[in-house]
Amino acid sequence: MIIQNYIEKIAKCSKPAEGVTRLPFTKEHKSANNLLKQWMSDAGLKISLDAAGTLIGKYFSPKKNVKTLLIGSHQDSGYNSGRYDGIMGVILPILALKELKKKKIILPYNVEILAFADEEGVRFPTALMGPRSLAGTFNKKDLKLKDKNNISIEQALKSFGCNPSKINSLKRNKKDLLGFFEVHIEQGPVLESKNLAVGIVNGISGISRFKLEIEGYASHAGTTPMHLRKDSLAATAEVINAVENLAKKNKNFLATMASIENRPNSVNAIPAKSLSFVECRSVDDKKRKKVEKEISKKIGLICKKRGLKFNLNKTYDQSAVSCDKKIMSTLKKSFQNLKLNPFVLMSGATHDASAMSDLCPISMLFVRSQKGLSHNPKEFTIEKDMQIAVKVIEKFLINFN
Ligand SMILES: [Zn+2]
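Model, not experiment: these values are computed from the prediction.

Novice: Quick one: what's the story with the overall build of the chain, residue by residue and with numbers?
Specialist: When helices and strands are counted, the chain shows eleven helices and 14 strands. Radius of gyration (C-alpha) of the chain: 24 Å, near the 21 Å computed for a compact globule of 401 residues. A fraction of 79% describes how many contacts in the chain between residues 6 or more apart in sequence connect residues 24 or more apart. Accessible surface, the chain as shown: approximately 18600 Å² in total, 52% of it carbon and sulfur.

Novice: How would you summarise helix α7 (residues 232-249) if you had to cite specific residues and measurements?
Specialist: For α7, with 18 residues, the first-to-last C-alpha span of 26 Å sits near the 26 Å given by 1.5 Å per residue. Listed in full, the buried residues belonging to α7 are Ser232, Ala235, Thr236, Val239, Ala242, Val243, Leu246 and Ala247. Buried residues in α7, looked at end-on, bunch into an arc of 135°, giving them a common side. Exposed positions of α7 whose direction lies more than 90 degrees from the buried face are Lys248 and Lys249. Packing partners of the buried residues in α7 comprise β7 (206-215), β8 (253-256), β9 (260-263), β10 (273-282) and α8 (285-306). If you check the start of α7, you find a side-chain oxygen 2.9 Å away from the backbone N of Leu233, and it comes from Asp231.

Novice: How would you summarise the layout of surface pockets if you had to cite specific residues and measurements?
Specialist: Approximately 500 Å³ is the volume found for the largest pocket. Taken together, 25 residues line the largest pocket, and the ones lying closest to its centre are Glu119, Leu128, Gln318, Thr350 and His351. Every element with two or more residues in the lining of the largest pocket is listed here: β7, β11 (309-318) and α10 (352-356). Counted by class, the lining of the largest pocket contains seven nonpolar, eleven polar and seven charged residues. Two domains share the lining of the largest pocket, each providing at least three of its residues, namely domain 1 (3-204 + 320-399) and domain 2 (206-318). Considered as a void within the structure, the second largest pocket measures approximately 430 Å³ in volume. Counting residues per element, the ones that place at least two in the lining of the second largest pocket are α6 (190-194) and β13 (344-347). The element that contributes the greatest number of residues to the lining of the second largest pocket is β13, accounting for four residues. By residue class, the composition of the lining of the second largest pocket is nine nonpolar, six polar and three charged.

Conventions used here
- Residues numbered from 1 in each chain as written.
- Predicted model: local features only at pLDDT ≥ 70, side-chain atom pairs only at ≥ 80, totals over all residues.
- Heavy atoms only, no water.
- Helix = DSSP H or I, 4+ residues; strand = E, 2+ residues; numbered from the N terminus.
- Rg over C-alpha atoms; globule rule 2.2 N^0.38 Å.
- Contact = heavy atoms within 4.5 Å.
- Areas by Shrake-Rupley, 256 points an atom, 1.4 Å probe, with all protein chains shown as cover.
- Expected span 1.5 Å × (residues − 1).
- Buried < 20%, exposed > 50% of the residue type's maximum accessible area, 1.4 Å probe, protein only.
- Arc of directions from axis to C-beta.
- Polar contact = N/O pair within 3.5 Å; in protein donor to acceptor, adjacent residues only side chain to side chain.
- 1 Å grid on protein atoms, 1.4 Å probe; cavity = no way out; pocket = protein on both sides within 12 Å on 5 of 7 lines; lining within 4 Å.
- Points joined across faces, edges and corners; volume = space filled by probe spheres on them.
- Nonpolar A, V, L, I, M, F, W, Y, C, P; charged D, E, K, R; others polar.
- Domains from an automatic or database assignment.

Right under this line is the structure:
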């Protein structure tokens, strides 16, 4: 079994480009689903497509009245994106179940492999429709949202053979579920820096974003002495430096300032107004809120010292999600069975598992990304790492109950 062949084959279900462009409810999505259906049936799974466009492969345990473990990730990609993001988390669990079937290993619970239609949110101005429908958090009004060709989600679903009017009935009963498990490429450099193929995720970062406007006034760069300037951009630069230092001082906390607008943005005028954004991420919401306060205080001090006005407004806040401790310990045991280092890391990116956490306990397994690259045609995971991941999934399924 060469896993790279599966990845390459499904990567061809794409608009022509160096990387993969596979948007939800397109002919590329349909051809990817056809391959997945074939692979799911090779693994002995029973296939269905739900009203939100999620392709499902079910393993039925011979034991009756048992709960279900959900496993999956997304089939879609961004524009000219990578071959592994999302889809690898559908393929590897299918291959693990196929191996168990071959070895005649029977699980005392049901399994459903889910290939969600839309996680990236590239085609429509929303995302995570599949997991949100299962969790009962999908807003039916969103069915009216349109893509750039004026096609609504509702129309797209219908033309894909789904019945959007049934989307509310997809909500699952928590009591029937054991949890949700997602396998994903790391999309970062941590596993590579530790020389590890796979890692156990402890949580998905919370995120907050702030808009910062600093106001000074424009004056002549040649006639205004340094001490009489009200330079909004120099103040922003000081803020960027302070934010970076605060982030470095706090473990498990990331802060980024990556976007600036400056006025008048002229080579010989003192900047009068600078707009920038501060983004904070942490798996620890308490810590994130604490450092946010420190950042806000520091900005106040910098602007006061320079005699500048400022406005700091929160524009976005998403809470962190913790992975389930019990499922994490089953994963840890599976790593130890295979003599792998049960290394734990956080996820800085949002995943299908984030939306599934509204339904049931979640857990994630990360697989090393070469150079930490993702959302890039050069995204790559070596064969051996994927083989190790399949072995971990097999052990995890056996240990899980
Ligand atoms: Zn992804």
